[in-house]
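Tertiary structure, described
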Amino acid sequence: MEEVILVNEHDEQSGTMGKLEAHRQARLHRAFSVFIFNNKGDMLLQQRAQAKYHSGGLWSNACCSHPRPGEETLKAAHRRLKEELGFETDLHKIFHFTYKTAFNNGLTEHEFDHVFAGRYEGDIQPDSLEVSNYTFKSMNEIKENLELSPQKYTAWFHIAFPKIMEWWQGKF
């Protein structure tokens, strides 16, 4: 059984719990989101595999997941990026946020989300169990798509994107 790290509002660990049980009980737990950009400043988006336990088929950032108990969050971000998209690159933490979103299937994401960013130019080899499609899009195109078709994107992407946009404007 996969476990997540339960935390308080300051990201201090308070225990562990099975991942699905934490989502059923809406318990605050540690998570991370990885945002990848190419050298032109376009963002890598992935379409989540349809069979994911929630938000299947929706577009989101490069990858998201949870560190395992005893695993450093940055190391977990590197691990998941390699597992889901088949590549490695330098990652840097840029901010964190907390959010809570309930889904129609009875699960709730209540996460203290560490956000990492990196640059990558090269081959992408997605795991089809995790990712059904991927693409690079300009930040303006993503902003427009979020406004025109918000239902096509994950809940956390809607929260993180304005913060990423603000950070990104000073980088490219």
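Model, not experiment: these values are computed from the prediction.

1. Observations concerning unusual backbone geometry
Unlike most non-glycine residues, Asp-11 shows phi in positive territory, near 65°. Position of Asp-11 among the secondary structure elements: in the loop between strand E1 (3-7) and strand E2 (13-18). Exposure remark for Asp-11: the relative accessible area of 16% places this residue in the buried category. Positive phi values are uncommon outside glycine, yet Ala-26 reaches one of about 55°. Among the secondary structure elements, Ala-26 is positioned in the loop between helix H1 (19-24) and strand E3 (29-37).

2. Let's talk about helix H2 (residues 73-85)
Across its 13 residues, H2 extends 18 Å between first and last C-alpha, which sits within 8% of the 18 Å expected from 1.5 Å per residue. Two residues or fewer after H2 comes Gly-86, characterised by a positive phi angle close to 75°.

3. Digging into the pattern of salt bridges
Evaluated as defined, the whole model comprises 10 salt bridges. Asp-11 is the salt-bridge partner of Arg-30, the closest N and O atoms lying 2.8 Å from each other. Of this pair, Arg-30 sits in strand E3 while Asp-11 sits in the loop between E1 and E2; the two residues are 19 residues apart in sequence, bridging distant segments of the chain. The same class applies to Arg-30 as to Asp-11, namely buried. One salt bridge in this structure joins Glu-83 and Arg-80, with 2.6 Å as the shortest N-O distance. One end of the pair is Glu-83 and the other is Arg-80, both in helix H2 and three residues apart, which spans about a single turn.

Each value, and the rule that gives it
Residues numbered from 1 in each chain as written. Predicted model: local features only at pLDDT ≥ 70, side-chain atom pairs only at ≥ 80, totals over all residues. Heavy atoms only, no water. Helix = DSSP H or I, 4+ residues; strand = E, 2+ residues; numbered from the N terminus. Buried < 20%, exposed > 50% of the residue type's maximum accessible area, 1.4 Å probe, protein only. Expected span 1.5 Å × (residues − 1). Salt bridge = Lys/Arg side-chain N within 4 Å of Asp/Glu carboxyl O.

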